[in-house]
Amino acid sequence: APVITSISPTSGAVGAQVTITGTNFTMDSTVKFGTTTASAPVVVSSTTIRVAVPAGTGIKAVTVTNSKGTSNGANFTYGPVISSISPSFGPVGAQVTITGTDFTMDSTVKFGTTNAPTFTVNSSTSITATAPAGIGIKGITVTNSNGTSNSSNFTYAPVITSISPTSGAVGAQV
């Protein structure tokens, strides 16, 4: 029977490419994530298969089945993925649109370690979040029951808190 020794990566979104490493893989091998069969696995060799992640959520056992039997399972965790943010630069309070996959109604959004004060899950591929107080560059992440996303950097705009003097002649030093 086939044997899976590892999968890489062990988490990600639908459509991500996963490499399965093990032994006894054959050209007639099929791959399942839980009970869902992945389409068109590429058997690179008797020790390597590459496959796109099929639809699913949560943690699923990845198995390989062929004429020699069915393998052990290796866990794959479905999770949200951030593909882009807009804008990637702005002040505290900026409305940031996060685009990606696997966003759910139980999602939370963080800028670094700080929760976004407000956010709206617009769809499974879009969230709008308000930038909390912060300075510098902070990684935005989305966490839900499927896991935590990759990080996408948001850079806070500098904030002018005062100007002195508040008035003067053209060319005067401020």
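Preceding this section is the structure that the text describes.
Residues numbered from 1 in each chain as written. Predicted model: local features only at pLDDT ≥ 70, side-chain atom pairs only at ≥ 80, totals over all residues. Heavy atoms only, no water.

> How do you make sense of the overall build of the protein when you look at a structure like this?
Check the secondary structure of the protein and you find zero helices and 20 strands. The C-alpha atoms of the protein give a radius of gyration of 23 Å, which is well past the 16 Å a tight globule of 174 residues would have. Summarising its shape, the C-alpha atoms of the protein cover approximately 85 × 30 × 20 Å along the three principal directions. In the protein, which comprises 174 residues, the proportion classed as buried is 36%. As presented, the protein carries roughly 9,100 Å² of accessible surface, and 57% of it is formed by carbon and sulfur atoms. (Helix = DSSP H or I, 4+ residues; strand = E, 2+ residues; numbered from the N terminus. Rg over C-alpha atoms; globule rule 2.2 N^0.38 Å. Buried < 20%, exposed > 50% of the residue type's maximum accessible area, 1.4 Å probe, protein only. Areas by Shrake-Rupley, 256 points an atom, 1.4 Å probe, with all protein chains shown as cover.)

> Quick question: what am I supposed to make of the environment of A169 here?
One can find A169 in the segment after β20 (152–156). Residues A169 and S83, spaced 86 residues apart in sequence, show a C-alpha to C-alpha distance of 49 Å.

> Please explain the environment of P54 as it appears in this structure.
Inspection of the secondary structure puts P54 in the loop between β7 (48–52) and β8 (59–66). Taking relative accessible area as the criterion, P54 reaches 11% and is therefore assigned buried. In contact with P54, other than residues within four places in its own chain, are V14, F33, T36, T37, A38 and Y78. (Contact = heavy atoms within 4.5 Å.)

> What am I meant to see in the side chain of T141 here?
Structurally, T141 is set in strand β18 (residues 137–144). The class of T141 is buried, set by a relative accessible area of 16%. Contact partners of T141, with chain neighbours within four places excluded, come to I82, T108, V109, K110, T148, S149, N150 and S151.

> Mind showing me how you'd approach unusual backbone geometry here?
Of all residues except glycine, most have a negative phi; of all peptide bonds, most are trans. Residues S86 and P87 are joined by a peptide bond in cis, for which omega reads -5°. Here P87 lies in the loop between β11 (81–86) and β12 (89–90). Cis geometry marks the peptide bond from S164 to P165, where omega comes out at -5°. Even without a glycine there, the phi angle at A40 is positive, about 50°. As for its position among the elements, A40 is in the loop between β5 (36–37) and β6 (42–45).

> Would you explain the packing of aromatic side chains in this entry?
What characterises a pair of aromatic rings is the spacing of the ring centres plus the angle enclosed by the ring planes. Under the counting rule described, the total for this entry stands at four aromatic pairs. Between F76 and Y78 the ring centres are 5.3 Å apart and the planes differ by 85°, which places this aromatic pair in the edge-to-face class. Among the residues examined, F76 registers a relative accessible area of 0% and is labelled buried. Overall, the relative accessible area of 0% leaves Y78 in the buried class. (Phe/Tyr/Trp six-rings, centres within 6.5 Å; stacked < 30°, edge-to-face > 60°.)

> Honestly, the sheet that holds β11 in this entry has me stumped. Any pointers?
Within a sheet, neighbouring strands are paired by backbone hydrogen bonds and run either parallel or antiparallel to one another. With antiparallel pairing, four strands are arranged side by side in an open sheet as β11-β13-β17-β16. Lying at the two open borders of the sheet, with one neighbouring strand each, are β11 and β16 (119–123). Across this sheet, the average inter-strand angle for adjacent strands is 25°, counted without regard to direction. Relative to strand β13 (residues 95–101), β11 runs antiparallel, the two being bridged by five bridges. Along β13, the bridge assignment pairs I85 with I98. (Pairing = 2+ DSSP bridges. Axes fitted to C-alpha atoms, helices over the stretch in contact; angles between N-to-C directions.)

> Teacher, can you tell me more about the environment of S45 here?
Along the chain, the position of S45 falls in strand β6. S45 sits 41 residues away from I4 along the chain, and the two C-alpha atoms are 13 Å apart.

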